[in-house]
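One-letter residues, chain by chain:
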Amino acid sequence: MSETNLTPARIERPTGLAMTMHNWKTALKTQTPYLMTFGIALWLGAYYLFVEGWELPRFNKLPGPVEVITEWLNPDPDWGMSLFTPEYYDHVVVSCRRILISFGIATGVGVPLGLFMGWSKIFRDYTFPILETLRPIPILAWVPLAILMFSGFETPVIFLATLASLFVTTLNTLLGVDSIDDDYFRAAKSLGSKKHHIFFHIVVPGALPFIFTGLQISVGVAWFSLVAAEMVSGEFGLGYLIVDSYMNITYVTMVIGMLTLGFTGWASSVIVRMVGNRMMQWRLRALALEGR
Amino acid sequence: MSDSVNSRGAISIRNLTKIYDPDGVNVMAVDNCSLEIAAGEVCMIVGPSGCGKTTLLNGIAGFHSVTEGEIYLDDELLCGPSKPKAEQGADRMVVFQHGALFPWKTLAENVAYGPMVQGVLKKNEALEKAGHMLAEAGLGDVGHKYPGEVSSGMARRAEIVRALINDPKVLLLDEPYRAMDSLTKSIMHEALLEVYDRTKVTIFFITHDLEEAIFLGDRVAIMTTRPATIKKIVDVKIPRPRSYETLSSEEFRKLVDETKEAVHEEAIKAFEAGERELA
Amino acid sequence: MADVAQSTNVGTVPVKRSKLMKKLQNKSLWRGVVALVGFVLFWEVCSQKLYMGVDVPWIGKIPPPTEVYDEWKKIFFWPGYWESFYLSTARVFAGFAMAQLIGIPFGLLLAINRYFRDIFFPPFEVLRPIPPLAWVPASIVFWPTTEMSIAFVTFLGAFFTIVINVLGGARNIDVQYLRAAKSMGATQWDLFTKVILPGTLPSIFTGAAVGMGITWEVVLAGEMLSGGGQQGGGGLGFFIWSSYMGGTVAQVIVGMISIGIAGYLSSSFIRYIGVVSMPWRRLF
């Protein structure tokens with residue numbers, strides 16, 4: 001119980017680089033990093049042996065790890081696609097731009113929508129049933145309708161990714177508002193808040209943890225739908241690249257496309273998490289003290 | 001602010017009844033309960049868990065409606081048959097059972113919140129005043145921290161400061177020290193007594209800890225099990241300012257023994273009923 | 001709640017309203033009805049040139065609800081329609097069941113054994129961000145039949161979600177439960193079956209509900225991409241795609257609604273099983 005007189009001499013926790021170094025050092029003393037390396041090596045080894053070493057039936061149809069990596073890092077690729085060809089980046093940039101647009105729209109619409117739904121019971125009563133009616137329809141089922149409603153290649157693809165991401169963001173934001181303890185509303189009201197104070201000082205910050213959990217899921221869902229849409233329709237983009245190289249039987253390029261997708265998807269979710277941590281210092285610090 | 005306070009903050013609860021209506025089944029939480037609390041008095045409410053103490057507080061604070069009866073604050077009607085739910089206002093400040101400091105604001109921002117939203121002070125003026133008041137309560141150098149970063153005792157104290165900055169007529173405390181160990185509790189008690197001696201604000205304090213009730217209160221109201229009503233009121237004539245030595249005085253022990261029996265009886269009744277506590 | 005009422009001194013005015021009456025008096029319900037009716041009317045008006053005089057952008061290009069209804073009445077008695085239902089549902093449940101059978105033990109193993117987790121979690125995490133649909137072509141290359149490749153991707157889609165949920169749930173079990181069980185003389189097996197498994201059940205069902213949604217998504221994509229037909233064989237995804245190719249948009253919408261209903265029913269089914277198998281959570 002530190003509240004008597006221990007306050008002035010508080011031990012500062014190391015931050016930034018010093019903390020990272022310290023964490024690394026302690027981690028290296030345990031078995032975990034070695035076991036993890038072993039795990040990855042085991043998996044890659046099995047993959048190599050099955051496909052390239054022993055050439056087991058069925059497996060030999062797939063490109064092996066050595067083949068994929070050499071192609072990926074080859075300045076003069078055999079199948080026309082590697083880290084050194086501009087076409088590769090064309091596909092990556094197109095997909096990322098689509099994600100940026102659709103995730104941006106979905107967040108810009110979904111977060112305010114969810115906040116209002118949580119804040120006003122009447123608004124929620126009128127909007128929630130419509131949302132719940134449309135939500136069980138899988139995004140893929142919207143593909144033909146999207147192509148009909150929007151002309152061209154670009155808009156339908158963006159529409160599909162936006163729709164998927166919008167449902168997730170809205171619902172999680174709503175859940176976030178619902179999760180705020182009643183006592184905070186009571187306290188704020190007793191302290192003399194007007195409606196707009198409650199919205200900006202209680203509803204918005206209180207829902208933030210759920211909003212960011214939702215955004216992380218939503219960016220994943222956006223990638224999921226984007227790939228689906230790009231595979232069915234569209235030119236350019238990583239989903240298209242995968243299907244196109246399948247059609248042209250350039251399987252190495254197909255696997256490169258899959259791995260690139262994995263990386264971009266992972267990176268985007270990390271970015272969302274970092275932004276969230278920046279915006280929720282209060283939560284981060286409390287969690288750090290609990291040792292999480 | 002300490003001069004005029006003694007003349008305000010009188011609460012009068014008259015024939016209050018509250019029936020909760022979950023799923024159309026009537027559950028009577030409070031039955032025809034009357035209680036007069038004088039201005040500047042510390043009134044402790046003691047009773048078994050889930051008996052309806054919080055229902056009284058909810059009625060005064062305006063969180064819930066009342067079914068029958070009236071509540072007055074300084075002869076002004078808070079709620080009654082004509083308006084079943086009192087308006088929430090900064091004249092009655094609540095300190096919640098689980099604490100309700102906004103976790104996304106620093107302690108200073110929390111304290112400054114009331115004057116700021118009421119438009120009494122500008123944001124930086126409010127923050128400055130908050131800093132002073134926190135320092136007064138011995139929380140001077142943690143004002144920039146978030147509630148999640150300080151001990152529960154500090155957070156509770158900051159919550160009381162957040163209430164006091166609004167210069168309330170009544171302080172409503174709902175078992176604020178429930179989850180604390182007895183050592184921390186004793187520190188909290190001294191701090192609260194210090195605040196009371198300074199401000200003489202009326203305090204309505206719910207607890208189930210008898211010693212706490214007698215140590216802090218001018219009067220201790222013991223409630224029956226649900227449906228709750230006042231069973232007995234004990235006057236505590238121990239002079240103020242009270243300190244920790246009071247706890248070992250004979251007068252104190254005698255009062256504890258006197259009340260214990262009444263409370264124990266109700267506790268047994270409540271336990272045998274085995275009901276799940278109402279919120 | 002009924003017990004509470006009997007054991008307390010019930011008030012002087014015991015008015016008891018029936019549950020149905022209470023539901024009908026619920027404002028939210030009526031607002032929901034109004035919203036849905038408004039939604040359908042909006043769609044009807046906007047999609048008919050007749051009412052508006054001009055083509056409404058976007059919505060003007062799809063058929064109105066009345067036309068969809070007429071189409072549905074027609075299709076309702078086609079055996080092909082019901083066969084599509086059956087085929088898709090069978091695929092969903094096959095992939096889903098497989099993902100549960102492999103995913104739950106795998107997730108539990110990850111949770112209870114440190115070495116297993118350290119070795120197998122990293123490759124799992126490397127593969128997880130790849131969207132399931134990106135696996136479709138690779139899966140078609142690998143598996144001998146289209147049916148098997150759809151099944152594999154379906155399995156994969158649900159697998160990742162389930163494992164993550166099981167792992168999270170099992171690791172969140174309060175250590176005190178384990179200590180309490182141990183001090184009462186539980187063996188390792190007891191700990192696993194009596195504490196860890198029931199403690200993880202809520203997360204298993206959360207994962208299952210999410211996984212079910214993903215499974216429908218993936219099955220649909222598989223059916224649309226593989227083009228159904230010869231070996232893939234129909235399904236609601238193929239139904240939608242062929243309706244689209246055939247130019248009957250009303251039929252596309254019928255297909256969408258059908259999938260929506262099927263998806264809703266299957267996740268309700270999961271929720272129902274969840275409620276039945278976790279009696280201790282029913283109170284809340």
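Residues numbered from 1 in each chain as written. Chains lettered and ligands numbered in written order. Predicted model: local features only at pLDDT ≥ 70, side-chain atom pairs only at ≥ 80, totals over all residues.

A. Structural detail: the interface of chain B and chain A. Of the residues lining the interface, 29 residues belong to chain B; the matching set on chain A comes to 22 residues. Residue assignment for the side of chain B that touches chain A shows that the elements contributing at least two residues are strand E6 (92-95), helix H2 (107-118), helix H4 (152-164) and helix H5 (182-199) of chain B. Taken together, the residues that form the side of chain B that touches chain A break down as 16 nonpolar, ten polar and three charged. (Contact = placed C-beta atoms within 7 Å. Helix = DSSP H or I, 4+ residues; strand = E, 2+ residues; numbered from the N terminus. Nonpolar A, V, L, I, M, F, W, Y, C, P; charged D, E, K, R; others polar.)

B. Structural context of the sheet that holds strand E2 (residues 27-37) of chain B. Residue and element names in this part refer to chain B. Sheet architecture is open: four strands sit in the order E2-E1-E4-E5, paired in antiparallel fashion. Each end of this open sheet is capped by a strand with a single partner; those strands are E2 and strand E5 (76-79). Neighbour-to-neighbour, the strand axes of the sheet open up by a mean angle of 30°, direction not taken into account. Against the sheet, helix H1 (residues 53-61) touches strand E1 (11-20), E2, strand E4 (68-73) and E5, its axis set at about 115° to E1. (Pairing = 2+ DSSP bridges. Axes fitted to C-alpha atoms, helices over the stretch in contact; angles between N-to-C directions.)

C. The arrangement of the interface of chain C and chain A in detail. Chain C puts 41 residues into the contact, and the matching count from chain A is 46 residues. Listed by contribution, the elements that provide at least two residues to the side of chain C that touches chain A are helix H3 (27-47), helix H7 (114-127), helix H8 (136-142), helix H11 (188-226), helix H12 (236-246) and helix H13 (249-277) of chain C. Examining the composition of the side of chain C that touches chain A, we find that eight residues originate from one element, H13 of chain C, more than from any other. Within the side of chain C that touches chain A, the residues separate by chemical class into 31 nonpolar, six polar and four charged.

D. Geometry of unusual backbone geometry. The phi dihedral of isoleucine 249 of chain A falls on the positive side, at around 55°, and the residue is not glycine. If you check the backbone angles, aspartate 167 of chain B has positive phi at about 50° while not being a glycine. Topologically, aspartate 167 of chain B is positioned in the loop between H4 and strand E7 (170-174).

E. Here's a closer look at the confidence of the model for chain C. For chain C, the mean per-residue pLDDT works out to 81, and 85% of the residues sit at or above 70. Note that pLDDT drops below 50 for residues 1-16 of chain C; the model gives that stretch 24 contacts with residues more than four away or on any other chain. (pLDDT = per-residue confidence, 0-100.)

F. Focus on the environment of serine 267 of chain C. All names here are of chain C. Along the polypeptide, serine 267 turns up in helix H13. The spatial distance from the C-alpha of serine 267 to the C-alpha of glycine 255 is 18 Å, given a sequence separation of twelve residues. Apart from residues no more than four positions distant in its own chain, serine 267 is found in contact with Ala209, Met212 and Gly213.

G. View of the packing of H4 of chain B against H5 of chain B. All names here are of chain B. Axis separation between H4 and H5 bottoms out at 10 Å; the angle between their running directions is 15°. Comparing their axes, H5 and H4 come out roughly parallel. Judged by the sense of rotation from one axis to the other, the crossing of H4 with H5 is right-handed. Residues Gly153, Arg156, Arg157, Ile160 and Leu164 of H4 lie in contact with H5, whose contacting residues are Thr184, Ile187, Met188, Ala191, Val195 and Thr199. A per-class count over the contact of H4 with H5 returns six nonpolar, three polar and two charged. (Parallel < 35°, antiparallel > 145°, perpendicular 65-115°, else oblique. Left-handed = near helix turned anticlockwise from the far one by under 90°.)

H. Representation of the sheet that holds strand E10 (residues 230-235) of chain B within the structure. Residue and element names in this part refer to chain B. Spatial ordering of the open sheet is given by E6-E7-E8-E3-E9-E10, a layout of six strands whose pairing is mixed. Only two strands of the sheet have a single neighbouring strand rather than two, namely E6 and E10. Across the sheet, the axes of successive neighbouring strands diverge by a mean angle of 15°, strand direction being ignored. Where strand E9 (residues 219-223) and E10 come together, five bridges link them in antiparallel fashion. Bridge pairing in E10 links valine 220 to valine 234.

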